[in-house]
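Residues per chain, in single letters:
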Amino acid sequence: MSSNIEGKVVLITGGSTGIGAEVARLLASRGARVAIAARRKDKLDEVVAAIAAAGGAARAYQLDVTDKKQVEAVVAATVADFGRLDVLINNAGLMPIRPMSEVNTDEWDAMIDVNLKGTLYGIAAALPRFLAQESGHIINLSSVAGVKVFAPGGTVYSGTKFAVSAISEGLRQEVGDKIRVTSIAPGAVDSDLKHSTSGTATDTVLDFYKQAIPAASVARAIAFAIEQPADVDINEIVLRPTHQVF
């Protein structure tokens with residue numbers, strides 16, 4: 001069903017490393033035209049160069065998803081450069097793990113701004129265009145921590161990911177007759193996300209991620225959702241390392 005990927009224009013936030021970069025490479029290899037956006041332009045350019053060297057089509061856009069004007073500008077630039085937008089993948093995220101008793105409100109704010117508001121800003125920028133063209137696909141990166149509360153330490157992170165899951169399902173109910181909506185909920189994945197944590201919980205997080213699956217595994221799940229026929233909407237995919245209990 002890769003023909004349902006070929007030719008589609010896909011915008012991926014957090015596309016410079018990890019899941020975002022792997023998704024970009026996989027979809028480009030299947031004929032999609034990919035726009036990747038993140039804060040680190042040098043890393044984005046490396047991904048674009050690798051895709052181009054393999055014969056794919058990609059462009060890079062510097063983006064801070066906490067700035068809704070930047071998100072709108074990148075969506076507009078993607079449409080201007082590629083002629084349309086078919087799929088938005090809200091992938092940018094942070095996961096600082098820390099007991100709530102440490103009351104690190106700066107980390108709480110950052111997770112809310114990136115994981116939750118960043119997802120909403122992406123939806124706000126893409127949805128009117130999708131509704132106008134009566135087609136489109138919004139894919140939001142949730143987490144197994146959005147299925148079961150990750151505590152102690154991940155309580156606020158879980159809160160943001162439960163919210164992403166809820167927003168995905170509510171959006172599906174509201175616009176699902178025209179727009180496909182998918183929530184992807186990975187477990188431990190080998191990516192830069194594990195480095196969001198500093199201080200007292202660092203060793204705990206790194207130990208947990210010893211069982212991580214590669215980011216390419218999540219990329220394949222995302223491709224599976226995209227490649228379905230237009231009348232099939234994969235609403236949620238939960239995937240974990242085989243040995244992960246949580």
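Before going further, it helps to examine the overall build of the chain. The helix and strand tally for the chain stands at seven helices and nine strands. With respect to the principal axes defined by its C-alpha atoms, the chain has extents near 50 × 40 × 35 Å. Counting over 246 residues, the chain shows a buried share of 50%. For the chain, contacts bridging at least 24 residues in sequence account for 71% of all contacts bridging at least 6. Taken as a whole, the chain presents about 10,800 Å² of accessible surface, with 52% of it coming from carbon and sulfur. Taken together, the 24 basic and 27 acidic charged side chains of the chain have centroids lying 2 Å from each other.

Another aspect to go through is the nonpolar core. In terms of nonpolar packing, the biggest core is built from 38 residues, with Leu27, Val34, Ile89 and Ile222 touching the most fellow members. Tallying contributions element by element places helix H7 (residues 215–227) first for this core, with eight residues. When neighbours within four sequence positions are excluded, Leu27 is seen to be in contact with Ile5, Val10, Ala32, Val34, Ile89, Ala223 and Ile226. Counting residues in hydrophobic clusters, the runner-up holds 26 residues, among them Ala37, Val65, Tyr121 and Ala125.

So, about unusual backbone geometry. Between Ala151 and the following residue, Pro152, the backbone shows a cis peptide bond with an omega angle of 5°. With respect to the helices and strands, Pro152 occurs in the loop between strand E5 (137–141) and helix H5 (155–175). Positive phi outside glycine occurs at Val103, with the angle close to 50°. As for its position among the elements, Val103 is in the loop between strand E4 (87–90) and helix H4 (105–133). Of note, the phi angle at Glu134 is positive, near 60°, even though the residue is not glycine. Within the secondary structure, Glu134 is located in the loop between H4 and E5.

Parameters at a glance
Residues numbered from 1 in each chain as written. Predicted model: local features only at pLDDT ≥ 70, side-chain atom pairs only at ≥ 80, totals over all residues. Heavy atoms only, no water. Helix = DSSP H or I, 4+ residues; strand = E, 2+ residues; numbered from the N terminus. Buried < 20%, exposed > 50% of the residue type's maximum accessible area, 1.4 Å probe, protein only. Contact = heavy atoms within 4.5 Å. Areas by Shrake-Rupley, 256 points an atom, 1.4 Å probe, with all protein chains shown as cover. Lys, Arg positive; Asp, Glu negative; His and termini not counted. Charge placed at Lys NZ, Arg CZ, Asp CG, Glu CD. Core = buried A, V, L, I, M, F, W, Y, C linked by side-chain atoms within 4.5 Å.

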